[in-house]
Amino acid sequence: MFGILKELIVFKYLKYENGMLKLGDEPMLFINLFPLIEEYRMHTTREGLDYNILNYMAFYQSGYNFVRDHTLPLAKILPKVVGVSCELFEAIGWGKSYAFKVNDKQNILIMKSKSSTFADTLKKMHGPQETPVDFRMSGIFAGSTRFYSKEDIECVEVACRAEKDVMECDFIAASPGNILDYIDKYYPERHQYAEKVLTRITELKRELKFKLEDG
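None of the values given here were measured: they were computed from a predicted structure.

**A short note on the pairing of strand β5 (residues 108-113)**
- Most of β5 is tucked away, with six of its six residues classed as buried.
- Residues Ile 108, Ile 110 and Lys 112 of β5 are buried on one face, and the alternating residues Leu 109, Met 111 and Ser 113, pointing to the opposite face, are buried as well.
- One ladder, built from six bridges, connects strand β4 (residues 97-103) with β5; its direction is antiparallel. Paired with Asn 103 across the two strands is Ile 108, which belongs to β5.
- Sheet topology note: the β5/strand β7 (residues 169-174) ladder contains five bridges and is antiparallel. Within the sheet, the bridge partner assigned to Ile 110 lies in β7 and is Ile 172.

**Notes on the sheet that holds β4**
- Strand order in this open sheet of four strands is β4-β5-β7-β6, and the pairing throughout is antiparallel. Sheet topology places β4 and β6 (154-159) at the edges, where each strand pairs with a single neighbour. Each neighbouring strand pair of the sheet contributes to a mean axis angle of 20 degrees, computed without reference to strand direction.
- Sheet topology note: the β6/β7 ladder contains five bridges and is antiparallel. In the sheet register, Glu 154 faces β7, and the bridge partner there is Ala 174.

**What about unusual backbone geometry?**
- One non-glycine residue, Asp 165, lies in the positive phi region at around 60 degrees.
- Among the structural elements, Asp 165 can be located in the loop between β6 and β7.
- Positive phi values are uncommon outside glycine, yet Lys 209 reaches one of about 55 degrees.
- Note on placement: Lys 209 falls in the segment after α8 (191-207).

**Side note on the nonpolar core**
- Residues Tyr 56, Met 57 and Val 156 are the most contacted members of the largest nonpolar core, which totals 50 residues.
- Those elements giving two or more residues to this core turn out to be α3 (48-71), α4 (78-91), β5, α6 (135-149), β6, β7, α7 (176-186) and α8.
- A per-element tally of this core places α3 first, with ten residues.
- Residue contacts for Val 156: discarding those within four places in its chain leaves Ser 138, Asp 170, Phe 171, Ile 172, Ile 179, Tyr 193, Ala 194, Val 197 and Leu 198.

**Brief notes about the pattern of salt bridges**
- On inspection of all chains with the given rule, the structure shows seven salt bridges.
- Ionic pairing is found between Glu 203 and Arg 200, a salt bridge with its closest N-O pair at 2.7 Å. You can see Glu 203 and its partner Arg 200 sitting in helix α8, three residues apart, about one turn around the helix.

**Considering the environment of Ala 99**
- Topologically, Ala 99 is positioned in strand β4.
- On the basis of relative accessibility, which here comes to 32%, the residue Ala 99 falls in the partly exposed class.
- Sequence spacing of Ala 99 and Leu 109 is ten residues, and the spatial spacing of their C-alpha atoms is 7.3 Å.
- Excluding anything up to four places from it in sequence, Ala 99 contacts Val 82, Leu 109, Ile 110 and Met 111.

**Observations regarding α8**
- Spanning 17 residues, α8 covers 24 Å between terminal C-alpha atoms, matching the ideal 24 Å at 1.5 Å per step.
- Of all the positions in α8, only Tyr 193, Ala 194, Val 197, Leu 198, Ile 201, Leu 204 and Lys 205 are classed as buried. The buried side chains of α8 occupy one side of the element, clustering within an arc of 135 degrees when seen end-on. Structural note: α8 exposes Gln 192, Lys 196 and Arg 206 on the side pointing more than 90 degrees away from its buried face.

**Looking at the packing of aromatic side chains**
- Enumeration according to the criterion identifies five aromatic pairs in this entry.
- Each ring, one from Tyr 64 and one from Phe 147, has its centre 5.0 Å from the other, and the planes form 75 degrees; the classification is edge-to-face. Here the residue Tyr 64 occupies a position in helix α3, and Phe 147 occupies one in helix α6, the gap between them amounting to 83 residues.
- For Phe 147, a relative accessible area of 9% gives the class buried.
- Where Phe 141 meets Phe 171, the ring centres are 5.1 Å apart and the plane angle is 70 degrees; that geometry is what we call edge-to-face. Of the two residues, Phe 141 is situated in helix α6 and Phe 171 in strand β7; the sequence distance between them amounts to 30 residues.
- Owing to a relative accessible area of 4%, Phe 141 belongs among the buried residues under this scheme.
- We classify Phe 171 as buried; its relative accessible area is 0%.

Cut-off values and rules
Residues numbered from 1 in each chain as written. Predicted model: local features only at pLDDT ≥ 70, side-chain atom pairs only at ≥ 80, totals over all residues. Heavy atoms only, no water. Buried < 20%, exposed > 50% of the residue type's maximum accessible area, 1.4 Å probe, protein only. Helix = DSSP H or I, 4+ residues; strand = E, 2+ residues; numbered from the N terminus. Pairing = 2+ DSSP bridges. Axes fitted to C-alpha atoms, helices over the stretch in contact; angles between N-to-C directions. Core = buried A, V, L, I, M, F, W, Y, C linked by side-chain atoms within 4.5 Å. Contact = heavy atoms within 4.5 Å. Salt bridge = Lys/Arg side-chain N within 4 Å of Asp/Glu carboxyl O. Expected span 1.5 Å × (residues − 1). Arc of directions from axis to C-beta. Phe/Tyr/Trp six-rings, centres within 6.5 Å; stacked < 30°, edge-to-face > 60°.

Right, dumping it as structure tokens:
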């Protein structure tokens, strides 16, 4: 089914029109990010982690919109939602991702990416990075899981293809506490980094009065 779906999207339904990528006549909101980024324009002078988290927040809303508007009519349980999402990401050139582990009861999603357009390009242009860089995909995974779970969900990338000798990107989407518990078990060297990212996400969401639009 997914292979057929991707072929239809690529060759029949996917189109670029008036600066917007569309699936049929519907905007692909996880790609059309300009209105969301424009909303935070006054904050884009920030650098480093803050800049990355502003991107994360924009993509968070987009991931939420994507599941709300496109995925749920096709699948109503998390594993199928993830499968459809990964097919779409690959079809539009974001990279090849897959679900490494899905805990449907606890709303924990572990995603891996065998390729990442942003991470691979950044590494090629600027060399290996010290910490994960793909806050955009983290935001998409967080927002997608948030719509499904109806709970407080964030996502942290704990391994990134932009880093030296790393072959796959690893993302953990869950409640902040569950993320840290998982990291302590499998990625203990990333605890301090993840805690810093999660703390700053909370602070910026509060500062900017971030609220998901459910229209």
